[in-house]
Amino acid sequence: MRDPRYSVAGSNYRLDARQQELVEAAESLGPRFAERAARYDREASFPHENYADLRDAGFLGLCVPESHGGRGADFRTYSIVSATLGKYCGATALTFNMHACSTLWPGAMADELDLTPEQRSEHERHRAVHFGRVVREGAIYAQPFSEGSAAAAGKAPFGTTATRVEGGWRINGKKIFASLSGAAHYYGVLCTEAKPQLSMRDTLYIAVPGDAPGLSVVGDWDPLGMRGTVSRTLVFKDVLVPDEAQMMPRGAYHQAASRWPHMFTTLSPTYFGIAIAAYEFTVRYLRGEIPGMPPVKRRMYPTKQIAVAEMFVKLEQTRALFLRMLDDARIDPPKDARLRAYATQYTIMENANDICRLAIRTCGGQSMLKSLPLERLYRDSRCGALMLPWTAELCLDRIGREALYEPGEADD
Ligand SMILES: Cc1cc2nc3c(=O)[nH]c(=O)nc-3n(C[C@H](O)[C@H](O)[C@H](O)COP(=O)(O)OP(=O)(O)OC[C@H]3O[C@@H](n4cnc5c(N)ncnc54)[C@H](O)[C@@H]3O)c2cc1C
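Reading the values: the criteria
- Residues numbered from 1 in each chain as written.
- Predicted model: local features only at pLDDT ≥ 70, side-chain atom pairs only at ≥ 80, totals over all residues.
- Heavy atoms only, no water.
- 1 Å grid on protein atoms, 1.4 Å probe; cavity = no way out; pocket = protein on both sides within 12 Å on 5 of 7 lines; lining within 4 Å.
- Points joined across faces, edges and corners; volume = space filled by probe spheres on them.
- Helix = DSSP H or I, 4+ residues; strand = E, 2+ residues; numbered from the N terminus.
- Nonpolar A, V, L, I, M, F, W, Y, C, P; charged D, E, K, R; others polar.
- Expected span 1.5 Å × (residues − 1).
- Buried < 20%, exposed > 50% of the residue type's maximum accessible area, 1.4 Å probe, protein only.
- Near = heavy atom within 4 Å.
- Polar contact = N/O pair within 3.5 Å; in protein donor to acceptor, adjacent residues only side chain to side chain.
- Salt bridge = Lys/Arg side-chain N within 4 Å of Asp/Glu carboxyl O.
- Pairing = 2+ DSSP bridges.

Asks: Tell me about the layout of surface pockets, and name the residues and values.
Replies: Space inside the second largest pocket adds up to approximately 670 Å³. Contributing to the lining of the second largest pocket are 23 residues, with Ala34, Lys87, Tyr88, Glu280 and Pro373 lying nearest its centre. Those elements that place two or more of their residues in the lining of the second largest pocket are helix 1 (17-43), helix 7 (268-286) and helix 10 (374-382). Grouping the constituent residues of the lining of the second largest pocket by class yields eleven nonpolar, two polar and ten charged.

Written as structure tokens, this is what we have:
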């Protein structure tokens, strides 16, 4: 039995039997992930061993619908499981987000979108191919969207294009920060159907095999944090893929982006997990419970107690918003739920880093040593607020604008 004080939902929060089982399974993978995390971080290498464990535990199919052989996790279940993984290895949880959402979006989320009967049956055929690869072959999917333009922020069409060819598509373009680069079997690329005028309405979501001719992984990867994500650059030069490569029907991504806003919050559970880990480490450190370390005998100082209290307050504020957001998430949420989703993403990303900052200041110099996890948690937590489309800045930007203007309103 894990200590419920450090669980994602906290004790007395109602999880159904399926959610409890999945959280327990994630918790049992956790200690191995935590043991390997320092090496992936030091080497900036991909967590292959962790993915083998995820595969063996049936987690690659976490969000694949049960009708397609998966575990059928919805947004809420996914988020709690993801945060649980985040407590142990941020890079694994963050990359697992890219993979899991590659099945959640074409799965449960697409089921709620308005599609014509023809689109629905085409999608059913296509997604059976992708889900089959994940469930039967253990395929890993990445989600490279970012291009270094305004597109990943949702303000312009993607510059990567898909040109219609007989029986499929020809892809050209470039994606930056492609987590799982070199490790993914498929890259689910957001691109724009090539027409004389590129439009966000023509966004396509297309899976490109990792070994496709014309696809190359370039550039180095030596960042501050989240080093195990191996998020290098992908270049697509006349890459040909068949029709079935489409992960969602034409127009469906654009519809989802405007009607299912919580789809963009799925990076944040990782960082909530990191915040819990930093808090747990601090309490255990000050209580002299870190294996291999002599007791530090500092907890009697009021400054330590106040810092821990401050961390606890921030953590509980974050948890309250996180759990509320899970209840809010649905298609066409009311405006206050949408604003709360921005506020939640903002709070998780900023508080995770702040809790890690307080943890280091409070535990002191020894906690910065690479032999302990705190300095890695601190560096990893710094990345959350930078992740598009909902960076901390853009969340504030959206809250301010949408609180003051209704759709279509403008000043004279
Ligand atoms: C560890 C890690 C892993 C990642 N993995 C992936 C991945 O798997 N797939 C993927 O697609 N991306 C991924 N990203 C990329 C990430 O989502 C961002 O796209 C990337 O960090 C943007 O960097 P940039 O410097 O080009 O940002 P810029 O676009 O230059 O933005 C810099 C800042 O300006 C602000 N800004 C940007 N656009 C606007 C605007 N229109 N209006 C107002 N303010 C704006 C934002 O706050 C942003 O933080 C990853 C990033 C990190 C750090």
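Asks: Explain helix 7 to me, and be specific about the residues and the numbers.
Replies: An α-helical segment advances 3.6 residues per turn. Residues three or four places apart therefore align on the same side. Along its 19 residues, helix 7 runs 28 Å from first to last C-alpha, staying within 8% of the 27 Å computed at 1.5 Å per residue. Burial of helix 7 is extensive: 18 of the 19 residues sit out of reach of the surface. Positive phi appears at Gly288, one or two residues downstream of helix 7, with a value of about 70°.

Asks: Any chance you could break down the site of the ligand for me, citing the residues and the numbers?
Replies: Looking at the ligand, there are 18 residues lining it, with Phe145, Ser146, Phe177, Thr391 and Glu393 nearest. Interatomic distance of 2.7 Å between a backbone N/O atom of Phe145 and an oxygen atom of the ligand. Leu386 has a polar backbone atom sitting 3.3 Å from an oxygen atom of the ligand. Of the residues assigned to the shell around the ligand, the class counts are ten nonpolar, six polar and two charged.

Asks: An account of empty space enclosed by the protein is needed here, citing residue identities and associated values.
Replies: Under the counting rule described, the total for this entry stands at one cavity of 30 Å³ or more. Approximately 50 Å³ is the volume found for the largest cavity. Lining the largest cavity, in full, are Ala37, Tyr40, Asp41, Cys89, Ala91, Met226, Arg227, Gly228, Arg376 and Asp380. Sorting the residues of the lining of the largest cavity by element identifies helix 1 and helix 10 as the ones contributing at least two each. When residues in the lining of the largest cavity are grouped by element, the largest group, three residues, is from helix 1. Taken together, the residues of the lining of the largest cavity sort by class into five nonpolar, one polar and four charged.

Asks: Which residues make up the pattern of salt bridges, and what values do they have?
Replies: Applying the stated criterion across every chain yields a total of 34 salt bridges. Residue Glu280 pairs with Arg284 through a salt bridge whose shortest N-O separation is 2.9 Å. Of this pair, Glu280 and Arg284 both sit in helix 7, four residues apart, which is roughly one turn of that helix. Exposure remark for Arg284: the relative accessible area of 24% places this residue in the partly exposed category. Connected through shared salt-bridge partners, Asp41, Lys370, Glu375 and Arg379 make up one network.

Asks: Let's hear about the pairing of strand 4 (residues 186-193): which residues, and what values?
Replies: Two faces belong to every sheet, and in a regular strand the side chains alternate between them. Across the eight residues that make up strand 4, a large majority, eight, are buried. In terms of strand pairing, strand 1 (residues 141-142) meets strand 4 through two bridges, oriented parallel. For Ala142, the partnering residue across the bridge sits in strand 4 and is Tyr187. Where strand 2 (residues 161-165) meets strand 4, two bridges bridge the pair, whose relative direction is parallel. The residue of strand 4 that forms the bridge with Ala162 is Glu193. Here seven bridges tie strand 4 to strand 5 (residues 203-209), and the two strands are oriented antiparallel to one another. The residue of strand 5 that forms the bridge with Gly188 is Ala207.

Asks: Run through unusual backbone geometry, naming residues and quoting values.
Replies: Omega for the peptide link from Leu388 to Pro389 comes to 5°, which places this bond in the cis form. The backbone phi angle of Leu180 is positive, close to 70°, even though this residue is not glycine. Exposure remark for Leu180: the relative accessible area of 0% places this residue in the buried category. At Met226, a position not held by glycine, the phi torsion is positive, near 50°.

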